[in-house]
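These are the residues of each chain, in order.
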Amino acid sequence: MTIPRAPSSSPLARARRVVVKVGSALLTDAETGRINRAWLETLIEDLLRLRRRGQQVILVSSGAIALGRRQLSLAKGPLRLEESQAAAAVGQIRLAHAYKELLESRDVTVAQVLLTLEDSERRHRYLNARATLETLLALGALPVINENDTVATAEIRYGDNDRLAARVAQMAAADCLVLLSDVDGLYTADPNKDPAASFIEEVLKITPEIEAMGGRAASDVGSGGMATKVLAARIAVSAGCHMCIAAGHHRHPVRRIEEEGARCTWFVPSATPVAARKQWIAGTLRPAGAVTIDPGAMRALLDGRSLLPAGVISARGRFERGDTVSVLATDGTEMGRGIVAYSDVDAAKIMGRKSSDIESILGFRGRDEMIHRDDLVLFDHEPAVKKSVGS
Ligand code: GLU
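Predicted model, so just to flag it, every value in this text is computed and none were measured.

## A word on the overall build of the protein
Now for step 1: Regarding its fold elements, the protein presents 15 helices and 15 strands.
Now for step 2: The globule rule puts the C-alpha radius of gyration for 391 residues at 21 Å, and the 23 Å found for the protein is close to it.
Now for step 3: Principal-axis analysis of the C-alpha atoms places the extent of the protein at approximately 70 × 45 × 40 Å.
Now for step 4: Of all 391 residues assigned to the protein, the portion counted as buried reaches 50%.
Now for step 5: Contacts in the protein between residues at least 24 apart in sequence constitute 72% of all its contacts with a sequence separation of at least 6.
Now for step 6: Just so you have it, the protein exposes about 18,400 Å², and 51% of that area is on carbon and sulfur atoms.
Now for step 7: Separation between the mean location of the 51 positive side-chain charges and that of the 48 negative ones in the protein comes to 2 Å.

Right under this line is the structure:
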């Protein structure tokens, strides 16, 4: 059932932006509780190899609690919330130190980003976190992400880095997410219990049957298990991102997936990240407002360009940065929809003006575009109806 893939056909080789998640069981040595440094070096080499061929890389790393509990000599077994928060505080600094050493000795700047659930669930925080990641990648840094376990309480935490990594992939519009784990993928049943269990190489649709497989075939270490990996896959594929579950304990665990055709399970999305995002925008039930644009701006949009403030004639409705708004022609026809980069109040101040004036008008330097082309959907039919939106 497992056919080795040619490297060129791997979604990993094709991806522009890759998120790799590594679990605590891989990072720390079970005997000593210390960082598994020799192995980690090979992972870092793999990530730098992706960067050398022009791919952008984000690492989601667990391990803070595992490292901290050893340092604090906490007993084996489940920790109380305060204990795991204390362990995370101690472990995260060690983790960050290890990444800094390993990456900076190879001339790569490492950036630590600690996220809480609210950073992906609240729009404003989501946009901020997304902008930070974009900027770090544009500046050539390698973001290393973990949950901010020290402040996250039981009700407001991801709890597992599988879903955190999927949210990060979605936030960064990554095309490929690799979950390195202590299992090599998804089986029809738990292979430790059922000798007839067969390996699943590719999942094209996450059906209730697939979800049930995730529930049964659980991994024994880490807080994730297979169930959270299937949940992560659901988030990733709905954002147009391929996701792979692969065994991570070998040396060079990422290179292995491509070059040695190592066995792993791929979850395949039906759309690209941009297409998935556009489907979501087009499907907005109630745009928060509307901007009317001039014919020159309309021609630019039809040519695939972004909407600049200069082309906006009027704005109506109440909207915030990140809301979906309708884009109207001067006769009121809804030509498309997009995610607006400014609130209605700021949009009213900068419309008709040059992007280079934004900073002096608003007092801060926002995006040059009112709606970036990646955040814009144009309707390809001829919409004959005039809509009244957001009024
Ligand atoms: N954020 C946790 C840590 O760094 C790990 C969560 C997980 O096991 O997925 O220790």
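Having seen the model, we can carry on.
## Re the sheet that holds strand β10 (residues 264-267)
Now for step 1: What the eight strands build is an open sheet, ordered β3-β4-β2-β1-β5-β9-β10-β8; its pairing is mixed. Unpaired on one side and paired on the other, β3 (110-115) and β8 (202-203) mark the two borders of the sheet.
Now for step 2: Pairing between strand β1 (residues 17-22) and strand β2 (residues 56-61): six bridges, direction parallel. Each bridged residue has a counterpart across the sheet, and for valine 20 the counterpart in β2 is leucine 59.
Now for step 3: The strands touched by helix α10 (residues 225-238) within the sheet are β5 (176-181), β9 (242-247) and β10, with β9 carrying the most contacts at an inclination of about 155 degrees.

## Quick word on the packing of helix α8 (residues 161-171) against α10
Now for step 1: Between α8 and α10, whose axes approach to 8 Å, the crossing angle comes to 10 degrees. The orientation of α8 relative to α10 falls into the category roughly parallel. Residues Asp162, Arg163, Ala166, Arg167 and Gln170 of α8 form the contact with α10, whose own contacting residues are Gly225, Thr228, Lys229, Leu231, Ala232, Ile235 and Ala236.

## Observations regarding the side chain of asparagine 146
Now for step 1: Within the secondary structure layout, asparagine 146 lies in strand β4 (residues 142-147).
Now for step 2: Excluding residues within four positions of it along the chain, asparagine 146 makes contact with Ser61, Ser62, Ala64, Gln92, Leu95, Val113, Leu114, Leu115, Asn161 and Leu164.

## Points about the environment of lysine 100
Now for step 1: Within the element layout of this structure, lysine 100 appears in helix α5 (residues 81-104).
Now for step 2: Counting along the chain gives 72 residues from lysine 100 to threonine 28, while the straight-line C-alpha distance between them is 17 Å.

## Side note on the pairing of β5
Now for step 1: Counting buried residues along β5, six of its six residues qualify, which places the element largely inside the surrounding structure.
Now for step 2: Residue alternation in β5 divides its side chains into two sets, Cys176, Val178 and Leu180 and Leu177, Leu179 and Ser181, and both sets are buried.
Now for step 3: Across five bridges, the pairing between β1 and β5 is parallel. Residue pairing across strands places valine 20 opposite valine 178, the latter belonging to β5.
Now for step 4: Taken together, the six bridges between β5 and β9 define a ladder with parallel strand orientation. Bridge assignment links cysteine 176 to a residue of β9, and that residue is histidine 242.

## Digging into the pattern of salt bridges
Working definition: two side chains of opposite charge can pair if their charged atoms are close together.
Now for step 1: Considering all chains together, one arrives at 25 salt bridges under this definition.
Now for step 2: Glutamate 258 serves as the salt-bridge partner of arginine 49, at 3.1 Å between the closest nitrogen and oxygen. Separated by 209 residues along the polypeptide, arginine 49 in helix α3 (residues 37-52) and glutamate 258 in helix α11 (residues 253-259) bring together distant segments of the chain. Side by side, arginine 49 and glutamate 258 carry an identical accessibility label, which is buried.
Now for step 3: Here arginine 337 ties to glutamate 334 by a salt bridge, and the two come within 2.8 Å at their closest N and O atoms. The pair arginine 337 / glutamate 334 is uniform in exposure class, with both members buried.

So, how was this worked out
- Residues numbered from 1 in each chain as written.
- Predicted model: local features only at pLDDT ≥ 70, side-chain atom pairs only at ≥ 80, totals over all residues.
- Heavy atoms only, no water.
- Helix = DSSP H or I, 4+ residues; strand = E, 2+ residues; numbered from the N terminus.
- Rg over C-alpha atoms; globule rule 2.2 N^0.38 Å.
- Buried < 20%, exposed > 50% of the residue type's maximum accessible area, 1.4 Å probe, protein only.
- Contact = heavy atoms within 4.5 Å.
- Areas by Shrake-Rupley, 256 points an atom, 1.4 Å probe, with all protein chains shown as cover.
- Lys, Arg positive; Asp, Glu negative; His and termini not counted.
- Charge placed at Lys NZ, Arg CZ, Asp CG, Glu CD.
- Pairing = 2+ DSSP bridges.
- Axes fitted to C-alpha atoms, helices over the stretch in contact; angles between N-to-C directions.
- Parallel < 35°, antiparallel > 145°, perpendicular 65-115°, else oblique.
- Salt bridge = Lys/Arg side-chain N within 4 Å of Asp/Glu carboxyl O.

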